[in-house]
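Here are the chains, one letter per residue:
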Protein chains: 2
Amino acid sequence: MNSTKYDVVGIGNAIVDVIAQTDYEFLTKHDLTKGSMALVDEAQAQLIYNAMGPAMEISGGSAANTIAGIASLGGCGAYIGKVKADQLGDVFRHDIRAGGVAFDTAPATEGPQTARSFILVTPDAQRTMNTYLGACVNLTPEDVDPEVIAGSSVTYLEGYLWDPPLAKEAFRKAMNIAHDSGRKVALTLSDSFCVDRFRDEFLDLAENAVDILFANDDEICSLYQVETFDEALQHVRQHCEIAALTRSEHGSVVISGEEVHIIEAQPVERLEDATGAGDLYAAGFLHGHTHGQDLATCGRWGSIAASEVISHIGARPQTPLRELIASTSGGAV
Amino acid sequence: MNSTKYDVVGIGNAIVDVIAQTDYEFLTKHDLTKGSMALVDEAQAQLIYNAMGPAMEISGGSAANTIAGIASLGGCGAYIGKVKADQLGDVFRHDIRAGGVAFDTAPATEGPQTARSFILVTPDAQRTMNTYLGACVNLTPEDVDPEVIAGSSVTYLEGYLWDPPLAKEAFRKAMNIAHDSGRKVALTLSDSFCVDRFRDEFLDLAENAVDILFANDDEICSLYQVETFDEALQHVRQHCEIAALTRSEHGSVVISGEEVHIIEAQPVERLEDATGAGDLYAAGFLHGHTHGQDLATCGRWGSIAASEVISHIGARPQTPLRELIASTSGGAV
């Protein structure tokens, strides 16, 4: 095994979030499913943007948020994802690097613009995402640096990567290198509609390739096409070495063979914007896991990291998570 | 006099703010004067951006913030300012239009990029701004639509406009049209260093051309080169029809000939980011003034509008100010 350079390398769609608060009527009028991620083409993106209120731009992207969390926790993180060489691409690159993440994927010099997700936050703090993939379609296996993957304890992949066709190949290449190097592979299922689009492939991954699976209750029920969380739990424990299943305010369940932990949600003073909750849960969990913590502690760190990001607008941490973990859990990070 | 189409038209530097929280050491290290606005060239902008932590992008620009406030208060606002036809220019245009402001200045198709202000927010919630003027240098008198100026009760100009050379001519053109149309001209002094750069011209404006002057205590003391706020007050009352002078947590003073009002600051639960406080004070004040309110009420509305914008990151209102005024002051807007 190579020496470990990174705790976690994330691969995902590199996206700048365009976030506006809205009312429920906006979702109804534009036929948007609250809480989901819908893919939109350039024309649809423009329509939604034109209809949205004043917004703010904050770097996002599911795996990118997780790796920003890893860095904020004091871990070593690397990220692979494709922006274009444009203003929003500069914003994305600045933000992830400024957070302490290694990010060296070459930007696209032609083709579509840097990806944007138009995020509507309703008064219940739920987020509804409309993602224009833009330059993400240009992520290819050549962007996956074997040395980075082989030098990372965990390779973390987002299910969303299955939407841009070539990214799927990048995903598989990274997975193979990680396993060949004796490393772990983690996957987040990302979104229940995404699971619908790729159920058979995701089932195959969960059963045969993924060591650590992250999912929320909708996603895991969708994966196994079952009605209840408990049924899904009985399935997933047969397959993945570890599954960490998030349930919003009901906390999370971590299961690994015979071992199971029920983790409470970390209370928040004010729930502002749920965007990034799952991403930051994964960050806290993986940071614990790559620092020798037991599964219960990993789950608690996940809850604490998630609690920070849902307390403000935007899916990247705004306070150093390392300090938050130290003050909240009493645990050394 | 033409029929009134707009309550207030603002002319200013059209800027996207790039905002990051930072510590005091960052300011010292980069030789930045806390609370001020410094102009930076492209190379300096890149240096500061590279050194800054992860940021968020929110449309800004002093007069643009004021006009966004006018719209949020339920008034009719128009804005004139120059962006480039690039991604951040699109962001600026979207945000101000989505807030309900008429904004029809043609974007530049060549030359420097849309302006950015790199804003460092320290733990005391004070903001230190480093502004790269970019496309703002391409605002010219041709961008001033005489019909818009003649159709606006108040033309509101920012002192910052004196930095890009051609914008000064646009400023003078607008001022002349406003006066020729029997309208009022309002000016904000913007920044004490800006006053230093253009003191003689600003003094001439204050004495001979401006009907409503906005300034904070540093700026008004700088204008008259006096030590105390009270000395400045004795000067300014000789010149402007109305002066509205803000003093942060000490509230504001509104003076017009013999009439003087001491307005308390509106208390805030948590001071988060002072960016835009003066801009939104001007919005509340001018909205009152263009809706027949007495000067004391204008000042109170200014304080209420300012209190909203300093309660969160970013210089544009995030809650409808019309509702805030109604619930806080009990006054009909």
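Residues numbered from 1 in each chain as written. Chains lettered and ligands numbered in written order. Predicted model: local features only at pLDDT ≥ 70, side-chain atom pairs only at ≥ 80, totals over all residues.

## Some points on the environment of Glu-169 of chain A
Next up, step 1: Examined against the element boundaries, Glu-169 of chain A turns out to sit in helix α6 (residues 165-180).
Next up, step 2: Along the primary structure Glu-169 of chain A and Leu-139 of chain A are separated by 30 residues, whereas in three dimensions their C-alpha atoms are 9.2 Å apart. (Helix = DSSP H or I, 4+ residues; strand = E, 2+ residues; numbered from the N terminus.)

## Focus: the relation of the copies chain B and chain A
Next up, step 1: Of the two same-sequence chains, chain B is brought onto chain A (RMSD 0.0 Å, axial shift 0.0 Å) by a rotation of 180 degrees. These values place the two chain copies in the arrangement generated by a two-fold rotation axis. Considering only C-alpha atoms, the part of chain B nearest the rotation axis is Glu-57 of chain B, at 2.5 Å.
Next up, step 2: Same-surface contact between copies: 100% of interface residues of chain B are shared with the interface of chain A. (Least-squares fit on C-alpha atoms with pLDDT ≥ 70 in both. Contact = placed C-beta atoms within 7 Å.)

## Describing the sheet that holds strand β5 (residues 77-80) of chain A
Residues and elements named next belong to chain A.
Next up, step 1: An order of β6-β5-β1-β9-β10-β11-β12-β13-β14 is seen for the 9 strands of this open sheet, with the pairing classed as mixed. The open sheet has two edge strands, β6 (102-103) and β14 (259-263), and neither has a second partner.
Next up, step 2: Lying over the sheet, helix α3 (residues 62-72) contacts β1 (6-11), β5, β9 (152-158) and β10 (184-188), oriented at roughly 160 degrees with respect to β1. (Pairing = 2+ DSSP bridges. Axes fitted to C-alpha atoms, helices over the stretch in contact; angles between N-to-C directions.)

## Side note on the interface of chain B and chain A
Next up, step 1: Each partner contributes residues to the interface: chain B has 19 residues there, and chain A has 19 residues.
Next up, step 2: Those elements that provide at least two residues to the side of chain B that touches chain A are β4 (56-59) and α4 (87-98) of chain B.
Next up, step 3: If one sorts the elements of the side of chain B that touches chain A by residue count, α4 of chain B sits on top with 6 residues.
Next up, step 4: Grouping the constituent residues of the side of chain B that touches chain A by class yields 9 nonpolar, 6 polar and 4 charged. (Nonpolar A, V, L, I, M, F, W, Y, C, P; charged D, E, K, R; others polar.)

## With respect to the packing of helix α11 (residues 277-289) of chain A against helix α12 (residues 295-309) of chain A
Residue and element names in this part refer to chain A.
Next up, step 1: At a minimum axis separation of 7 Å, α11 and α12 run at an interaxial angle of 145 degrees. Handedness of the α11/α12 crossing: right-handed. Across from Ala-277, Leu-280, Tyr-281, Ala-282, Ala-283, Gly-284, Phe-285, His-287, Gly-288 and His-289 in α11, the residues of α12 making contact are Thr-297, Cys-298, Gly-299, Trp-301, Gly-302, Ser-303, Ile-304, Ala-305, Ala-306, Glu-308 and Val-309.
Next up, step 2: Among the residues forming the contact of α11 with α12, the class breakdown is 12 nonpolar, 8 polar and 1 charged. (Left-handed = near helix turned anticlockwise from the far one by under 90°.)

## Considering the nonpolar core
Next up, step 1: Membership of the largest hydrophobic core comes to 221 residues, with the highest contact counts inside it found for Ala-174 and Leu-213 of chain A together with Ala-174 and Leu-213 of chain B.
Next up, step 2: Non-local contacts of Leu-213 of chain B, meaning those with residues more than four positions away in its chain, are made with Leu-187, Ala-206, Val-236, Cys-240 and Ala-243 of chain B. (Core = buried A, V, L, I, M, F, W, Y, C linked by C-beta atoms within 7 Å. Buried ≥ 20, exposed ≤ 12 C-beta atoms within 10 Å, placed from the backbone.)

## With respect to the sheet that holds strand β10 (residues 184-188) of chain B
Residues and elements named next belong to chain B.
Next up, step 1: Strand order in the open sheet formed by 9 strands is β6-β5-β1-β9-β10-β11-β12-β13-β14, with mixed pairing between adjacent strands. Only two strands of the sheet have a single neighbouring strand rather than two, namely β6 (102-103) and β14 (259-263).
Next up, step 2: Here strand β1 (residues 6-11) runs beside strand β9 (residues 152-158); their pairing, made up of 5 bridges, is parallel. Along β9, the bridge assignment pairs Tyr-6 with Ser-152.
Next up, step 3: Across the face of the sheet, helix α12 (residues 295-309) comes into contact with β12 (242-246), β13 (252-256) and β14 while running at roughly 30 degrees to β14.

## A look at the pairing of β1 of chain B
Regular strands have side chains that alternate between both faces of the sheet.
Residue and element names in this part refer to chain B.
Next up, step 1: β1 sits mainly inside the fold: 6 of its 6 residues count as buried.
Next up, step 2: Looking at chain direction, β1 and strand β5 (residues 77-80) are connected through 4 bridges and run parallel. In the sheet register, Val-9 faces β5, and the bridge partner there is Ala-78.

## Here we look at unusual backbone geometry
Next up, step 1: Phi at Gln-225 of chain A takes a positive value of approximately 50 degrees, unusual for a residue other than glycine.
Next up, step 2: Examined against the element boundaries, Gln-225 of chain A turns out to sit in the loop between α9 (217-224) and α10 (229-236).
Next up, step 3: Given 13 C-beta atoms within 10 Å, Gln-225 of chain A falls into the partly exposed group.
Next up, step 4: One non-glycine residue, Ser-190 of chain B, adopts positive backbone phi at about 75 degrees.

## Here we look at the environment of Asn-65 of chain B
All names here are of chain B.
Next up, step 1: Checked against the element boundaries, Asn-65 lands in helix α3 (residues 62-72).
Next up, step 2: As a C-alpha pair, Asn-65 and Ala-14 span 51 residues in sequence and 9.7 Å in three-dimensional space.
Next up, step 3: Among all residues touching Asn-65, those that are not within four sequence positions of it are Gly-60, Gly-276, Asp-279, Leu-280, Ala-315 and Arg-316.

## A word on the confidence of the model for chain A
When pLDDT is low, close inspection of the predicted coordinates is not appropriate.
Next up, step 1: The predicted model of chain A averages 95 in pLDDT, with 98% of residues at 70 or higher.
Next up, step 2: Predicted complex, confidence summary: ipTM 0.94, pTM 0.95. (pLDDT = per-residue confidence, 0-100.)

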